[in-house]
Amino acid sequence: MFRIDSHQHFWQLSRGDYDWLTPELALLYKDFLPSDLSPVLEECDVNNTILVQAAPTVEETEFMLKLADNTDFILGVVGWVDMESDKAISQLESFSQNPLFKGIRPMLQDIEDVNWMLKPELASVFEYLIDKGLTFDALVLPKHLDALYLLLKKYSDLKVVIDHGAKPPIEKGLSQEWFEKMSLIASETRAYCKLSGLVTEAGHNPHLDRIAPYIEYLLICFGPERLMWGSDWPVVNLSSSYQFWLNQAEELIAPLSKNEQQLILADNAKNFYQL
């Protein structure tokens, strides 16, 4: 089985633009670079990855592209631009000179205004993404799903993937709101969804039966044709491990056909990000 990890991060603390990364997050408060991930990928038989932004700066995107240029297993980079700046389009044009640049991810979960993504001032950026076939990773929480639905309806040709299944509150228990709104988005839009980050939302060392209802529901809603597996490494280490989460995910999709499993483990990421 060929495997592409659709969601992993690198960071270098000395760069100084990871505002969310503090010493309190002891497991994560150190450098994570390709040399750290490479043996993990080999051990887990994962072939390639998509590198995703972790800081809201163009400098971090430049840093990631340099890493990708020198790392064989990275097939694409999801970066960041200041979507409200008059430089946003020129930043996208510049990044797009590198074929490894695949799209952007604003850190929507950290923006106080849940409707920020609907601001008219952002229209030119969304239109540029559509025109150039670039992607949009939606880093959202359940409270953002109403706005995300409206965004997806407004820009129906925008290539959108919902990160971490929109972070359902698994540790707190079942959320009817999340189930209903994810079903609506899946049935009425063309959005994809990542099977990533869910193990973190489930708390420390989560059992499979705690995560299973959410993955099974996403399978029902999006089908194997619009789901992609991602590790969310190294954040996954807060509650689990790369190998353990991969094993859990593969156990949950095991009832599917081999072709359907391959879609989730590699082919959907390959097609979505045009790898």
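Report on the accompanying structure. Just so we're clear, the structure is a prediction, and the values are computed from it rather than from any experiment.

**Some words on the sheet that holds strand β3 (residues 74-79)**
Logical step 1: Taken in spatial order, the eight strands of this open sheet run β1-β2-β3-β4-β5-β6-β7-β8, and their pairing is parallel. Lying at the two open borders of the sheet, with one neighbouring strand each, are β1 (4-8) and β8 (227-229). Between one strand axis and the next, the sheet turns through 25° on average, direction left out of account.
Logical step 2: With three bridges connecting them, strand β7 (residues 192-195) and β8 associate as parallel partners. Bridged to Leu 195 within β8 is Trp 229.

**Notes on the pattern of salt bridges**
Logical step 1: Counting across every chain of the model gives twelve salt bridges.
Logical step 2: Note that Lys 119 and Glu 84 form a salt bridge whose closest N and O atoms lie 2.5 Å from each other. Highlighted residues: Lys 119 in the loop between β4 (101-104) and α4 (123-132) and Glu 84 in the loop between β3 and α3 (88-95), separated in sequence by 35 residues.
Logical step 3: Residue classification places Lys 119 among the partly exposed residues on the basis of a relative accessible area of 24%.
Logical step 4: Here Asp 163 and Arg 105 are joined by a salt bridge, their closest N and O atoms 3.2 Å apart.

**A few points about the layout of surface pockets**
Logical step 1: By volume, the largest pocket amounts to about 320 Å³.
Logical step 2: For the largest pocket, the lining is made up of 19 residues, of which Trp 20, Gln 109, Lys 167, Asp 232 and Val 235 are closest to its centre.
Logical step 3: Across the lining of the largest pocket, the residue classes tally to nine nonpolar, five polar and five charged.

**Side note on empty space enclosed by the protein**
Logical step 1: Under the criterion given, the structure shown has one cavity of 30 Å³ or more.
Logical step 2: The volume enclosed by the largest cavity comes to roughly 40 Å³.
Logical step 3: Along its surface, the largest cavity is lined by Leu 152, Tyr 155, Ser 156, Leu 158, Val 160, Thr 189, Arg 190 and Ala 191.
Logical step 4: Residue classes in the lining of the largest cavity are distributed as five nonpolar, two polar and one charged.

**Some words on the environment of Asp 17**
Logical step 1: Tracing the sequence through the fold places Asp 17 in the loop between β1 and α1 (34-44).
Logical step 2: For Asp 17, a relative accessible area of 10% corresponds to the buried category.
Logical step 3: Those residues in contact with Asp 17, other than ones at most four positions away along the chain, are Ala 55, Pro 56, Thr 57 and Glu 60.
Logical step 4: Here the side chain of Asp 17 touches Arg 15 through a polar contact of 2.8 Å, side chain to side chain.

**Side note on the state of the cysteines**
What makes a disulfide is a covalent bond joining the sulfur atoms belonging to two cysteines.
Logical step 1: Counted by the stated rule, this structure contains zero disulfides.
Logical step 2: Of the cysteine sulfurs around Cys 193, a residue in no disulfide, the closest is that of Cys 221, at 9.2 Å.

**Comments concerning the packing of aromatic side chains**
Logical step 1: According to the stated counting rule, one finds 17 aromatic pairs in the structure shown.
Logical step 2: Plain terms: the ring middles of Trp 11 and Tyr 18 are 6.4 Å apart, the flat faces sit at 55° to each other, and that makes the pair tilted. You'll find Trp 11 and Tyr 18 in the same group, each marked buried.
Logical step 3: Ring centres of Tyr 192 and Phe 272 lie 5.1 Å apart, and the angle between their planes is 50°; this geometry places the pair in the tilted category. Note that Tyr 192 is positioned in strand β7 and Phe 272 in helix α10 (residues 258-272), a separation of 80 residues in sequence.
Logical step 4: Grouped by ring-pair contacts, the aromatic residues Phe 10, Trp 11, Tyr 18, Trp 20, Phe 32, Phe 73 and Trp 233 constitute a single cluster.
Logical step 5: The aromatic ring of Phe 63 is capped on one face by Arg 15, whose charged end is 4.8 Å from the ring centroid.

The rules behind each value
Residues numbered from 1 in each chain as written. Predicted model: local features only at pLDDT ≥ 70, side-chain atom pairs only at ≥ 80, totals over all residues. Heavy atoms only, no water. Pairing = 2+ DSSP bridges. Helix = DSSP H or I, 4+ residues; strand = E, 2+ residues; numbered from the N terminus. Axes fitted to C-alpha atoms, helices over the stretch in contact; angles between N-to-C directions. Salt bridge = Lys/Arg side-chain N within 4 Å of Asp/Glu carboxyl O. Buried < 20%, exposed > 50% of the residue type's maximum accessible area, 1.4 Å probe, protein only. 1 Å grid on protein atoms, 1.4 Å probe; cavity = no way out; pocket = protein on both sides within 12 Å on 5 of 7 lines; lining within 4 Å. Points joined across faces, edges and corners; volume = space filled by probe spheres on them. Nonpolar A, V, L, I, M, F, W, Y, C, P; charged D, E, K, R; others polar. Contact = heavy atoms within 4.5 Å. Polar contact = N/O pair within 3.5 Å; in protein donor to acceptor, adjacent residues only side chain to side chain. Disulfide = S-S within 2.5 Å. Phe/Tyr/Trp six-rings, centres within 6.5 Å; stacked < 30°, edge-to-face > 60°. Lys NZ or Arg CZ within 6 Å of the ring centre and 35° of its normal.

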